[in-house]
Amino acid sequence: MATNTIEMKIKRQDGPNAPSRWEEFSLPYKPKMNVISVLMEIQRHPYTKQGVKTTSPVWDCNCLEEVCGACSMIINGRVRQACSALIDPLHQPIVLEPMTKFPLVRDLVVDRRRMFEALKRVHAWIPIDGTYNLGPGPRVDPTVQGDAYSLARCMTCGCCLEVCPQVTPTSKFIGAAAIAQVRLFNMHPTGKMHARERLEALMDEGGLVDCGNAQNCVHACPKEIPLTESIAAMGRQTTVHVLKRLFGG
C-alpha cells in the first residue's frame, strides 16, 4: 500500500514472567521492505512513535530467505515468517506478536525446543556409520524422491503447532511436523530399517491418537507440506504395524 510512513505495533515483554506491553513505531517508508528490515531500522533508532527512547525489540532470524524457520511470529493475526512478509501488501499498523504455543523468551522470541524434542522422540534421522565409505547407496524411485522432497522442506518453524488446537501448554501432542518427518524417514531405503521404532513412538501418548483432525496445520504451513496427507499415511502404517504385532508378522 502506498504510504509515506510505516506504522508498526509490537507486543513487548522483557522476560517470561514480566508484564507485557505494546509499543508503537513510525518509520519513513522505503520500497520493498520486509518485516525484518523494519525491525532492523527500529533497532538502529529505538524511539517509539511518541518520541520516547526504548530498548530495541528482540526477534530471531537467520537465513532471511524462508529456510531456517527462526523468524516465525504472528503478523497481523497470522503466524508466518517475518523475512517473507513484505510490507507493501500488509494492512497498517502492522501488528507483531510472539507465537503463543511456545514458551516466551523475550519480545518476539520463543523457545521452540518442543519441536526438536518431538523430532528426537520419533527418531527423525537416518542412523549410519560414518567411519567408512558406504558407497552411493540404494537407488530411489523418482516418485518417492518427489514425495520425500516435499516433506524434507520442513524448517521446524512452528507455524503448524501455533494453529493446532491440540497443542497446549499441558498437552503432549508432538504436532504435524514430527509426524510428517516419520513419513519422510520411513520411506527412505535405509531409514526403513528403523521404521518400527518411529511407529512405536507415534503410538505413544501425544502421538497420532491426539490429533483432532482440525487440518489447520496444512493451511498454515509456509512450505505447503502435505501434513494432513502425512498424518493419514502414518495412521495406515501404524494400523498395519499393530496388526503385524498381533499376528506375529
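Below, the structure is looked at part by part. Keep in mind it's a predicted model, so treat the numbers as computed, not measured.

Bringing the overall build of the protein chain into the picture now. Helices and strands together make up the secondary structure of the protein chain, namely 8 helices and 7 strands. Considering only C-alpha atoms, the protein chain reaches an extent of 70 × 40 × 35 Å along its principal axes. Relative to its full complement of 249 residues, the protein chain shows a buried share of 42%. Long-range contacts, defined as pairs at least 24 residues apart, comprise 64% of the intrachain contacts of the protein chain with a sequence gap of at least 6. When the 29 basic and 24 acidic side-chain charges of the protein chain are each reduced to a single mean position, those positions are 1 Å apart.

Ordered by their spatial adjacency, 5 strands build an open sheet running E2-E1-E5-E3-E4, and the pairing between neighbours is mixed. The open sheet has two edge strands, strand E2 (20-28) and strand E4 (78-81), and neither has a second partner. Averaged over all neighbouring strand pairs, the angle between strand axes comes to 30°, with direction disregarded. Where strand E3 (residues 72-75) lies against E4, 4 bridges are found, and the strand directions are antiparallel. Directly across from Ser72, in E4, lies its bridge partner Gln81.

A few words now on the nonpolar core. Generally speaking, nonpolar side chains in soluble globular proteins are found buried as a group. Val122, Ile174, Ile179, Leu202, Leu227 and Met234 are the most contacted members of the largest nonpolar core, which has 42 residues in total. When residues of this core are traced back to their parent elements, those giving at least two are helix H2 (113-121), helix H3 (142-152), helix H4 (159-162), helix H5 (176-186), helix H6 (195-202) and helix H8 (227-246). In terms of residue count, H5 provides more of this core than any other element does, 8 residues in total. For Ile179, the residues in contact, after removing those within four places along its chain, are Phe173, Ile174, Leu202, Leu208, Ser230, Ile231 and Met234. Counting 23 residues, the second-largest nonpolar core is a separate cluster that includes Ile10, Val38, Ile87 and Leu90.

A few words on a nonpolar patch on the surface. A grouping of Ile128, Tyr132 and Leu134 is seen on the molecular surface, where their side chains present a nonpolar patch of about 340 Å² in accessible area. Relative to the elements of secondary structure, Ile128 occurs in the loop between H2 and H3.

For the coordinates displayed, the defined rule picks out 13 salt bridges. In this structure, Glu23 engages Arg12 in a salt bridge whose closest nitrogen and oxygen atoms are separated by 2.7 Å. Taken as a pair, Glu23 in strand E2 and Arg12 in strand E1 (residues 5-13) lie far apart in primary sequence, 11 residues in all. Judged by relative accessible area, Glu23 falls into the buried class, the value being 10%. Residue Arg12 is classed as buried on the basis of its relative accessible area, which comes to 0%.

Relative to the helices and strands, Asp141 is located in the loop between H2 and H3. The sequence separation of Asp141 and Pro46 amounts to 95 residues, and the corresponding C-alpha distance is 54 Å.

With respect to the secondary-structure elements, Gln92 resides in the loop between E4 and strand E5 (94-97). Gln92 sits in the buried class, given a relative accessible area of 13%. A distance of 2.6 Å separates a polar atom in the side chain of Gln92 from the backbone nitrogen of Glu7.

For the pair H5 and H8, interaxial distance at closest approach is 9 Å and the crossing angle is 60°. The element H5 and its partner H8 pack so that their crossing is left-handed. Contacts between H5 and H8 involve Ala176, Ala177, Ile179, Ala180, Val182, Arg183 and Asn186 from the former and Leu227, Glu229, Ser230, Ile231, Ala233, Met234 and Gln237 from the latter. Class assignment for the residues of the contact of H5 with H8 results in 9 nonpolar, 3 polar and 2 charged.

Now for the packing of H6 against H8. Running from N to C, H6 and H8 cross one another at 105°; their axes reach a closest spacing of 10 Å. Taken together, H6 and H8 sit at an angle that is classed as roughly perpendicular. Counted together, Arg196, Leu199, Glu200 and Leu202 of H6 and Met234, Gln237, Thr238, His241 and Arg245 of H8 form the full contact between these two elements. When grouped by side-chain class, the residues that make up the contact of H6 with H8 number 3 nonpolar, 3 polar and 3 charged.

By the element assignment, Gln181 lies in helix H5. Looking at Gln181, the relative accessible area reads 10%, which means it is buried. The spacing of Gln181 and Arg198 is 17 residues in sequence and 9.7 Å in space, taken between C-alpha atoms. Residues in contact with Gln181, not counting those within four places in the same chain, are Leu119, Ala124, Leu151 and Cys154.

Cut-off values and rules
Residues numbered from 1 in each chain as written. Predicted model: local features only at pLDDT ≥ 70, side-chain atom pairs only at ≥ 80, totals over all residues. Heavy atoms only, no water. Helix = DSSP H or I, 4+ residues; strand = E, 2+ residues; numbered from the N terminus. Buried < 20%, exposed > 50% of the residue type's maximum accessible area, 1.4 Å probe, protein only. Contact = heavy atoms within 4.5 Å. Lys, Arg positive; Asp, Glu negative; His and termini not counted. Charge placed at Lys NZ, Arg CZ, Asp CG, Glu CD. Pairing = 2+ DSSP bridges. Axes fitted to C-alpha atoms, helices over the stretch in contact; angles between N-to-C directions. Core = buried A, V, L, I, M, F, W, Y, C linked by side-chain atoms within 4.5 Å. Patch = residues over 30% accessible without salt bridge, like charges linked within 9 Å, V, L, I, M, F, W, Y side chains within 5 Å. Areas by Shrake-Rupley, 256 points an atom, 1.4 Å probe, with all protein chains shown as cover. Salt bridge = Lys/Arg side-chain N within 4 Å of Asp/Glu carboxyl O. Polar contact = N/O pair within 3.5 Å; in protein donor to acceptor, adjacent residues only side chain to side chain. Left-handed = near helix turned anticlockwise from the far one by under 90°. Nonpolar A, V, L, I, M, F, W, Y, C, P; charged D, E, K, R; others polar. Parallel < 35°, antiparallel > 145°, perpendicular 65-115°, else oblique.

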